[in-house]
Amino acid sequence: MEMITFAGLDINKMSFKQMFFNRAMLLAYLLLIVGILGLYQVYDLRYFSATLTAHDAGIDPTNPALKEAMREAIFGTVGEIDRNSPWTVLISNYMFMLYTGSGIIFLVALAELLKFKVIEKLSVGFMVVGVAMVFAGLFTITTDLHVLNIPWMLITPNTEAAMWMMLPLYLVYIPFVLFEIYLLLTNNRALARKLALVIVIMSIGIDFIEYYIQASLFSMNTARHLWTQFPALTLYFIVSSFVSSLGVMGVYTYLVHRNKSEYQPLMSLIRRTMLIAIVLLGVFEVVGYMSVDKVWANMILQGPFSTLYFFGYVLLTFVLSLLLLIKPGNANRTVLASMLVIIGGFVSRLIFVYGGNAVPMSNRFGTGFEKNEVYDVAEPFIYTAPHLGELCIVIGSIGVALITYKVFDGLFSVAKLKQH
Amino acid sequence: MNYAMALDYQSCINCKACEVACKEENGVQLGADKQRIWVGMVEGSNEGKPFVNLYPSQCNHCIDAPCVSVCPTNASHYIAGGIIKVNADQCILCKGCMEACPYDARFIDDTKVAVDKCTFCEHQIAETGTTACQATCPTKVRTFGDLDDPNSDLVKLLEKRRFFFQKEEIGTLPKLFYLVPEDEAYAKQSIGPNTKIHTWDEIKPLYERAAKRRSQEWK
C-alpha cells in the first residue's frame with residue numbers, strides 16, 4: 001500500500017471509502033447506532049422527564065403538562081436514577097472497559113521490561129486495543145455524567161477527590177500512551193530505543209497510579225463495606241484486570257495473528273500468564289470475602305447475587321478456564337478460556353458495583369431496615385435493574401472501541417509485526 | 001455558629017407534616033422518593049408484641065462529611081454554620097456523594113438535573129431562626145439551633161437529655177442528635193444494641209474541636 005511519511009510515521013494512503021466503509025466498520029456503526037439509541041433514551045429520561053415541584057403546581061395550576069408530571073410523581077418512578085442505587089451498569093462497563101484496556105497497556109509495558117520478544121513484536125496492536133477500550137470506558141462514563149457542568153471540574157476543582165483526580169490522570173495518561181504508540185510506530189528507532197526503559201517504567205508507574213485512583217473512588221464510600229473492606233483494592237483491581245486483559249489479548253491474537261508463526265508461542269505465553277493471574281485472583285477472592293463485612297459477603301455468596309457470582313463469575317473465570325488452560329499445547333482451548341474470562345470479568349464488575357449498593361443504608365438505628373410507608377415492605381436488598389438505554393450504551397461502547405481500533409489499524413497497520 | 005438539630009423522636013406521630021412543609025418551603029421535586037426529609041419506619045416484635053418505631057430523618061450535616069470530600073467540583077460544600085449545601089449549577093451528576101452518604105440523604109432533583117438534599121432551610125434561618133420541618137411539627141419533635149450558643153433551646157435540651165447518633169461508628173460526626181426516649185420500653189425497642197448513648201458534657205469537647213478544625217471551610 002502507498003504510504004505518506006509524517007513526523008517519522010508511515011501512514012497508509014487510503015481512500016475515505018476504504019477507511020470507513022469496510023465490514024468491521026459497518027459492524028461498529030451498527031453497535032454505535034444501538035449506543036446512540038440508548039443515549040437518546042437516557043438523555044430523554046434525564047433531561048426531558050415530566051417533573052414538577054410543589055411551587056410549579058402553585059404557580060400555574062392549569063398547565064396541562066402539570067397533569068402528566070403529577071401522574072408520574074404519584075404513580076411512576078420519576079427520573080433516571082434510583083436514590084438507593086446511584087451507580088449502575090454504566091459504571092460497571094466503565095470499570096470493565098477502562099481497567100481491561102489499562103491492564104493490556106500495563107501488561108505490554110511489563111512484557112517490554114521483562115524482554116518478552118514475542119510481545120515486543122506485536123506490542124503496537126495490543127496497545128491500540130488497550131487505548132480503544134479506554135476510549136470505550138470514557139465514552140460510557142461521559143454518558144453517565146451531566147456533561148454541560150464538566151467545566152466546573154476546572155473552575156472549582158476539589159483536588160483531593162478521587163473523582164476529580166481522574167481528570168488530570170486521563171489528561172496525562174492518554175497522551176502518554178499515544179506517545180508510547182508513536183514511539184513504537186515511528187521510524188525514529190534510535191530515540192525509541194533510548195527512551196524505551198524510561199517510558200516503560202513511567203508507563204508502569206502511571207498505570208499503577210491509575211488503579212490507585214480508581215480504588216480510592218470506591219474506598220472513600222465509608223458506609224459501603226464491600227468497597228471499603230476489600231483488602232488491597234488497588235492490587236485486586238490490577239490482578240482482576242490482568243485476567244480480563246489477557247482474555248482480550250487471547251481473542252485479539254486469535255482474530256489477527258492466527259496465521260502467523262508467532263501465534264503458537266504467543267498463545268502459550270498468554271496461557272501461562274493467564275494461569276498465574278487466575279490463581280492470584282482466586283486467592284484475592286477467597287481472602288477478600290473472608291475480610292469483607294459479613295452482611296455484604298453473605299449477600300453475594302449466599303444471597304440474591306450468589307447464582308450470578310458462582311455461575312457467571314466463579315464457574316467461567318476459575319473452574320472452566322483453569323480446566324481449559326491447565327494442559328498446554330492447544331491454542332484453541334486458550335482462545336475459549338479467553339472468551340470465558342472476558343464474560344466472567346464483566347460479570348465480576350457488575351457484582352462489584354451492584355453488590356456495593358445491595359445492602360440498604362436504611363438500618364440507621366441498628367434496629368432493622370426502614371420503610372417509608374405503612375403498606376411498604378422493608379427492603380433488605382437493593383437492586384435496580386438497568387434501563388434498556390443503559391444496556392444499549394454498553395453495546396455502543398463496543399462500537400467505540402472497534403472504530404478506534406480500526407482507524408488506528410487503517411492508518412498505521414498496527415496488526416503488522418514490528419521490530420523495534 | 002454550628003447549626004444542628006435534636007429529634008425527640010418518641011413524639012413522632014408519622015403525620016408527615018414535616019415532609020410536606022419541606023417540599024413546600026424549598027420547592028422540592030414531587031415524587032415518592034424525592035424527599036429531603038422523611039419518616040422511616042422499622043417494624044419488629046418484643047416478646048410477641050408487634051411494634052413500629054418511627055424515625056424522622058434527614059441530612060445529618062456531618063462535620064466530617066464524606067459527601068463533601070468526594071465531590072470533584074465542590075458543588076457539595078459547607079456554608080456558614082456547618083450546613084452542607086449543593087450548588088446545582090456545579091453538579092456533574094457523578095453521584096459520588098450519594099454513594100458516600102451513609103444516611104441515604106441525597107437524591108437527584110430531575111427538575112435541576114443535580115443532586116439535592118436538606119439545607120436546614122438556610123435561606124430563612126436569619127429571619128425565623130428555625131426550619132420548616134420544626135415549625136410545622138405538631139408534637140415538637142425537632143429542635144433546631146446553634147451548638148455554639150449555650151443559651152439556645154437546642155443546647156439547653158441537650159444538657160437535659162441523653163442522646164445518640166445514627167451510625168456513629170463511621171466517624172462522620174453527624175449533627176442530628178436523637179434524644180433517648182423517656183419511656184424505657186420505647187427506648188429499648190428503638191435503639192440498637194450497639195448504639196452508644198451520650199451526654200452533652202461528654203460529647204461537647206469533641207464537637208467543639210471538630211467544628212474549630214472545620215470552621216475555615218464554613219463560609
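Residues numbered from 1 in each chain as written. Chains lettered and ligands numbered in written order. Predicted model: local features only at pLDDT ≥ 70, side-chain atom pairs only at ≥ 80, totals over all residues.

Participant: I'd love a proper account of the overall build of chain A, names of residues and values included.
Facilitator: Of regular secondary structure, chain A possesses 16 helices and 2 strands. Computed over the C-alpha atoms, the radius of gyration of chain A is 24 Å, within 12% of the 22 Å expected from 2.2 N^0.38 for a compact globule of 420 residues. Each principal axis of the C-alpha distribution contributes one length, and for chain A these read about 70 × 50 × 40 Å. In chain A, which comprises 420 residues, the proportion classed as buried is 45%. For chain A, long-range pairs separated by at least 24 residues make up 77% of all intrachain contacts whose partners lie at least 6 apart in sequence. (Helix = DSSP H or I, 4+ residues; strand = E, 2+ residues; numbered from the N terminus. Rg over C-alpha atoms; globule rule 2.2 N^0.38 Å. Buried ≥ 20, exposed ≤ 12 C-beta atoms within 10 Å, placed from the backbone. Contact = placed C-beta atoms within 7 Å.)

Participant: So what's going on with the interface of chain B and chain A? Residues and values would help.
Facilitator: On the side of chain A, 44 residues touch chain B, which itself brings 55 residues to the contact. Secondary-structure elements contributing two or more residues to the side of chain B that touches chain A are α1 (17-26), β2 (37-46), β3 (49-58), α2 (66-70), α3 (96-100) and β6 (107-109) of chain B. No other element matches β2(B), which puts 6 residues into the side of chain B that touches chain A. For the side of chain B that touches chain A, the residue count by class is 25 nonpolar, 18 polar and 12 charged. (Nonpolar A, V, L, I, M, F, W, Y, C, P; charged D, E, K, R; others polar.)

Participant: Talk me through the nonpolar core; I want residue IDs and the actual numbers.
Facilitator: M127(A) and V128(A) are the most contacted members of the largest nonpolar core, which has 181 residues in total. Counting residues per element, this core draws most heavily on helix α5 (residues 89-113) of chain A, which supplies 16 residues. Setting aside anything within four residues of it in sequence, one finds M127(A) in contact with I105(A), V108(A), V177(A), E180(A), I181(A) and L184(A). Core analysis: the second largest hydrophobic core is formed by 5 residues, L52(A), A69(A), V78(A) and L30(B) among them. (Core = buried A, V, L, I, M, F, W, Y, C linked by C-beta atoms within 7 Å.)

Participant: Describe the sheet that holds strand β10 (residues 176-179) of chain B, listing the residues and the values that go with them.
Facilitator: Residues and elements named next belong to chain B. Read from one edge of the open sheet, 4 strands run β8-β1-β10-β9, paired in mixed fashion. Among the strands making up the open sheet, the edge pair consists of β8 (142-146) and β9 (163-164). Pairing of β9 with β10, which is carried by 2 bridges, proceeds in the antiparallel orientation. Bridge pairing in β10 links F164 to Y178. With respect to the sheet, helix α6 (residues 153-160) is in contact with β1 (3-7), β8, β9 and β10, its orientation differing from that of β8 by roughly 115 degrees. (Pairing = 2+ DSSP bridges. Axes fitted to C-alpha atoms, helices over the stretch in contact; angles between N-to-C directions.)

Participant: Outline helix α16 (residues 388-412) of chain A, supporting the account with residue identities and numerical values.
Facilitator: With 25 residues, α16(A) extends 37 Å between its outermost C-alpha atoms, agreeing within 8% with the 36 Å of an ideal straight helix rising 1.5 Å per residue. In terms of burial, α16(A) is largely enclosed, as 19 of its 25 residues are buried. (Expected span 1.5 Å × (residues − 1).)

Participant: Which residues make up the environment of E169(B), and what values go with them?
Facilitator: Residues and elements named next belong to chain B. For E169, the location among the structural elements is in the loop between β9 and β10. Residue class for E169 comes out exposed when judged on the 12 C-beta atoms lying within 10 Å of it. Sequence-wise, E169 and R36 are 133 residues apart; in three dimensions their C-alpha atoms are separated by 23 Å.

Participant: How would you summarise unusual backbone geometry if you had to cite specific residues and measurements?
Facilitator: Residue and element names in this part refer to chain B. Its identity is not glycine, yet K16 carries a phi of approximately 65 degrees, on the positive side. Within the element layout of this structure, K16 appears in the loop between β1 and α1. By C-beta crowding, K16 is classed as partly exposed, having 17 other C-beta atoms within 10 Å. Not every positive phi belongs to a glycine, and H61 is a case in point at roughly 45 degrees. Topologically, H61 is positioned in the loop between β3 and α2.

Participant: I'd like to hear about the packing of helix α11 (residues 233-257) of chain A against helix α12 (residues 263-291) of chain A, residue by residue, with values.
Facilitator: Residue and element names in this part refer to chain A. It is the contact of α11 with α12, at a shortest axis distance of 8 Å, that shows an interaxial angle of 155 degrees. In this view, α11 runs roughly antiparallel relative to α12, as classed from their interaxial angle. Where α11 crosses over α12, the two elements pack in a sense that is left-handed. Residues Y236, V239, S240, F242, V243, L246, M249, G250, T253 and H257 of α11 form the contact with α12, whose participating residues are Y263, L266, M267, I270, T273, M274, A277, I278, L280, L281, F284 and G288. Grouping the amino acids of the contact of α11 with α12 by side-chain chemistry returns 16 nonpolar, 6 polar and no charged. (Parallel < 35°, antiparallel > 145°, perpendicular 65-115°, else oblique. Left-handed = near helix turned anticlockwise from the far one by under 90°.)

Participant: Can you tell me about the environment of G192(B), naming the residues and giving the values?
Facilitator: Looking at the secondary structure, you find G192(B) in the loop between α7 (184-190) and α8 (200-214). If we skip the residues at most four places from it in the chain, G192(B) touches F365(A), G366(A) and T367(A).

Participant: Tell me what's going on with the environment of R364(A), and back it up with residues and numbers.
Facilitator: Here R364(A) lies in the loop between α15 (331-358) and α16. For R364(A), the contacting residues outside a window of four places in its chain are E370(A), Y55(B), S57(B), Y103(B), Q166(B) and K167(B).

Participant: Would you mind going over the pairing of β8(B) in detail, with residue names and values included?
Facilitator: All names here are of chain B. Summarising burial for β8: 4 of the 5 residues are buried, a large majority. Direction of pairing for β1 relative to β8: antiparallel, over a ladder of 5 bridges. Following the sheet pairing, M5 is matched in β8 by F144.

Participant: Hey, could you go over α1(B) for me, with residue numbers and the actual values?
Facilitator: Residue and element names in this part refer to chain B. Of all the positions in α1, only C18, E19, C22, K23 and N26 are classed as buried. The arc enclosing the buried residues of α1, seen along the axis, measures out at 135 degrees, which places them on a common side. Positioned one or two residues after α1, G27 has a phi angle of 60 degrees, which is positive. (Arc of directions from axis to C-beta.)

From the geometry alone we can't say anything about function, so treat these as descriptive.
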